[in-house]
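# Results of the structural survey
Okay, here's what each chain looks like letter by letter:
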Amino acid sequence: MPIATINPATGETVQTFNPATSAEIDAAITRAHNRFADYRRTSFAQRAAWMHAAADLLEAEADEVAAMMTLEMGKTLVSAKAEALKCVKGFRYYADQAEALLADEPADAALVGASRAYARYQPLGVVLAVMPWNFPLWQAVRFASAALMAGNVGLLKHASNVPQCALYLADVLARGGFPDGCFQTLLIPSSAVEQVLRDPRVAAATLTGSEPAGQSVAAIAGDEIKHTVLELGGSDPYIVMPSADLDKAVTTAVTARVQNNGQSCIAAKRFIIHTDIYDEFVDRFVDKMAALRVGDPTDPDTDVGPLATEQGRTDVEKLVDAAVAEGAVVRCGGKRLDRPGWYYPPTVITDITRDMALFTEEVFGPVASMYRARDIEEAIDIANATTFGLGSNAWTGDAAEQQRFIDDIEAGQVFINGMTTSYPELPFGGIKRSGYGRELSAHGIREFCNLKTVWVG
Ligand code: NAP
């Protein structure tokens, strides 16, 4: 894939970038490695001051940054601005909380025959982040804020279609005051990730993206015995029971499916509706999905912009077309829009069977799959009949049912009467083939720390 800004709303190539050479990659690793030697000794207060300065700059520049995101990957300007401001919050969260989250953990010294015993969090060193385009700033910020505040230094290999966002992040952190080498963007293709990961000066890696990318990075890291965090795909269930507030459940379902033009790992993708309310839910959901305005992402009235890449649209189309050929029913949408750009309309599909690829694969576009469940047992069974385990949503007013969903849905996150969202304060991650490790919260910042046991006789 070329490293280039290609406007998904028009298909036009705006700017191309030369990938870094092998020698340039090596020089960047050297800079990072050398910087770590002194950066690891900086105080939390110093790091926080730089992080706050970067947050203030980003806040002031949020409109320009939002326009850049929209240009590179097609999310609506409204959601791009919200993402930029969420990044400001993410920076400030770790700036303010890192010291407390990484405080020494005292142990009972007498029990282990010591005068003092405790666990200490220390940074690992140079950490590589391989990031996706779908939240081009937020995905990278949640890595950068945690890694830098813990005293690590970062190398970012961002998705090839968002180079301007990638360069901006390194730039705003540098302008915030982080010294040279603390955080660098490498404009490299995925084939160059191996060079970085195998370099002995690189301590660990985190990847957010598809399963094949995760497998590749984890295999290399495994070979090198390096720690990794993987945040991969998801096909989140969205269960609605008869006792739910149906108005809210339907309205939220639309947002949960089409947010980010349908390209979110934690988007609700499989809607599992109790049979008593199935017909009413589907009718109301279809009406709302069909009424969404699809178009220019810079227009404030647009609900759904184009998909980010031509390949992404082809992938969505193939899954829908195959399901329809095998007997699934399209209730709205289902055909690409006849206009320039990579537009695909909000789509609702029913009558899906378990042997269809639409049942088993992640659909990375605004396509909702509907399933009827006769009772809570069947709802949980359908929810768990997936290789993924990222987020999940369940709507019910019944306390016992809420507890069943909390206990029995196989996922890294369960949201009751709401939609899955990421918060700096809550751990984020998945199980099964959605990956391992956690981002955000105390857990996210501790991923790239050495938890050193200290015993003093
Ligand atoms: P992708 O193709 O896997 O790309 C993600 C990143 O990995 C890009 O930087 C890409 O670089 C790189 N990459 C691809 N193949 C690689 C390889 N073999 N070795 C090393 N790096 C490789 O994923 P995407 O299509 O951009 O993103 C969509 C996927 O990400 C979806 O499955 C989505 O669910 C998942 N996602 C997960 C989360 C989460 O937190 N769990 C969040 C957002 C997205 P190039 O661009 O140069 O190929």
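Calculation notes
Residues numbered from 1 in each chain as written. Predicted model: local features only at pLDDT ≥ 70, side-chain atom pairs only at ≥ 80, totals over all residues. Heavy atoms only, no water. UniProt positions renumbered as here; feature names shortened; annotations may be inferred. Near = heavy atom within 4 Å. Polar contact = N/O pair within 3.5 Å; in protein donor to acceptor, adjacent residues only side chain to side chain. Areas by Shrake-Rupley, 256 points an atom, 1.4 Å probe, with all protein chains shown as cover. Helix = DSSP H or I, 4+ residues; strand = E, 2+ residues; numbered from the N terminus. Nonpolar A, V, L, I, M, F, W, Y, C, P; charged D, E, K, R; others polar. Domains from an automatic or database assignment. Buried < 20%, exposed > 50% of the residue type's maximum accessible area, 1.4 Å probe, protein only. Pairing = 2+ DSSP bridges. Right-handed = clockwise from strand over helix to strand, strands pointing away. Contact = heavy atoms within 4.5 Å. Axes fitted to C-alpha atoms, helices over the stretch in contact; angles between N-to-C directions. Parallel < 35°, antiparallel > 145°, perpendicular 65-115°, else oblique. Left-handed = near helix turned anticlockwise from the far one by under 90°. Buried area = accessible area lost by both parts, 1.4 Å probe. Salt bridge = Lys/Arg side-chain N within 4 Å of Asp/Glu carboxyl O.

Under an unreviewed UniProt entry, the chain has the name NADP-dependent succinic semialdehyde dehydrogenase and belongs to Mycobacterium talmoniae. Per UniProt, the chain carries the Sequence similarities (unreviewed entry) text "Belongs to the aldehyde dehydrogenase family."

## Focus on the site of the ligand
Taken together, 28 residues are adjacent to the ligand, and M131, W133, S160, S210 and E362 come closest. At a separation of 2.7 Å, an oxygen atom of the ligand approaches a polar backbone atom of M131. At a separation of 3.2 Å, an oxygen atom of the ligand approaches a polar side-chain atom of R142. Summarising the interface, the protein chains cover 86% of the accessible area of the ligand, which totals 900 Å² for the free molecule. Here the shell around the ligand gets three residues from one element, more than from any other, and that element is helix α8 (residues 211-224). Classifying every residue of the shell around the ligand gives 13 nonpolar, eleven polar and four charged. For the shell around the ligand, the domains that each give at least three residues are domain 1 (4-232 + 432-456) and domain 2 (237-416).

## Here we look at the pairing of strand β10 (residues 236-240)
Of all the five residues making up β10, five are buried; the element is thus mostly covered by neighbouring parts of the structure. With burial as the criterion, each face of β10 is covered, one bearing D236, Y238 and V240 and the other bearing P237 and I239. Pairing between β10 and strand β11 (residues 268-274): five bridges, direction parallel. Considered in β11, the bridge of Y238 is made with F271. Since β10 and β11 lie parallel, the crossover through helix α9 (residues 246-258) that links them has a hand, and here it is right-handed. Both β10 and strand β15 (residues 393-395) contribute to a ladder of three bridges, which runs parallel.

## Considering the sheet that holds strand β17 (residues 435-436)
Hydrogen bonds between backbone atoms are what pair the strands of a sheet, whose relative direction is either parallel or antiparallel. Within the open sheet, the six strands sit side by side as β7-β6-β5-β8-β9-β17. Their pairing is mixed. Because the sheet does not close on itself, it has two edges, and the strands there are β7 (183-185) and β17. Across the sheet, helix α6 (residues 163-176) is in contact with β6 (153-157) and β7; its angle to β7 comes to roughly 155 degrees. Running at roughly 175 degrees to strand β9 (residues 227-231), α8 makes contact with β8 (202-208), β9 and β17 of the sheet.

## Looking at the environment of V286
For V286, the position within the fold is in helix α10 (residues 275-290). Assessed through its relative accessible area of 8%, V286 is described here as buried. Residues V286 and V250, 36 residues apart in the sequence, show an inter-C-alpha distance of 9.6 Å. Residues within four places of V286 in sequence aside, it is in contact with R331, C332 and V348.

## What about the packing of helix α3 (residues 62-73) against helix α4 (residues 77-101)?
For the pair α3 and α4, the least separation of the axes is 8 Å and the interaxial angle reads 125 degrees. On the basis of the axis angle, α3 is oblique to α4. Crossing geometry of α3 relative to α4 is assigned as right-handed. Across the interface between the two elements, A62, D63, A66, A67, M69 and T70 of α3 pack against L77, A80, K81, E83, A84 and L85 of α4. When grouped by side-chain class, the residues that make up the contact of α3 with α4 number eight nonpolar, one polar and three charged.

## Thoughts on the side chain of Q184
Tracing the chain through its elements places Q184 in strand β7. The class for Q184 is buried, based on a relative accessible area of 8%. For Q184, the contacting residues outside a window of four places in its chain are A28, R31, A32, G154, L155, L156 and A170.

## What about the domain arrangement of the chain?
Split by domain assignment, the chain resolves into domain 1 (4-232 + 432-456) and domain 2 (237-416). Between the C-alpha centres of domain 1 and domain 2 the distance comes to 30 Å. Opposite the 24 residues of domain 1 that make contact, domain 2 presents 28 residues. Together, the buried faces of domain 1 and domain 2 total about 2,000 Å²; carbon and sulfur atoms form 58% of this surface. Scanning the region where domain 1 abuts domain 2 turns up one salt bridge. Linking domain 1 to domain 2 there are twelve residue pairs in polar contact (both at pLDDT 80 or more). Where the side of domain 1 that touches domain 2 is concerned, the elements lending two or more residues are β1 (4-7), α3 and α4. Here the side of domain 1 that touches domain 2 is composed, by residue class, of nine nonpolar, nine polar and six charged.

## Examining the pattern of salt bridges
This model, assessed by the stated rule, comprises 27 salt bridges. The salt bridge partner of E377 is R404, with a shortest N-O separation of 2.9 Å. In this pair, E377 sits in helix α13 (residues 376-384) while R404 sits in helix α14 (residues 399-408), placing the two residues 27 residues apart along the sequence. For E377, a relative accessible area of 46% corresponds to the partly exposed category.

## Side note on the packing of α4 against helix α5 (residues 138-149)
Interaxial distance between α4 and α5 falls to 9 Å at its minimum, and their mutual angle equals 15 degrees. Classed by the angle they form, the pair α4 and α5 counts as roughly parallel. Viewed along their axes, α4 and α5 form a crossing whose handedness is right-handed. The residues of α5 that touch α4, namely those facing E83, K86, C87, G90, F91, Y94, A95 and A98, are W138, V141, R142, S145, A146 and M149. The residue inventory of the contact of α4 with α5, partitioned by class, reads nine nonpolar, two polar and three charged.

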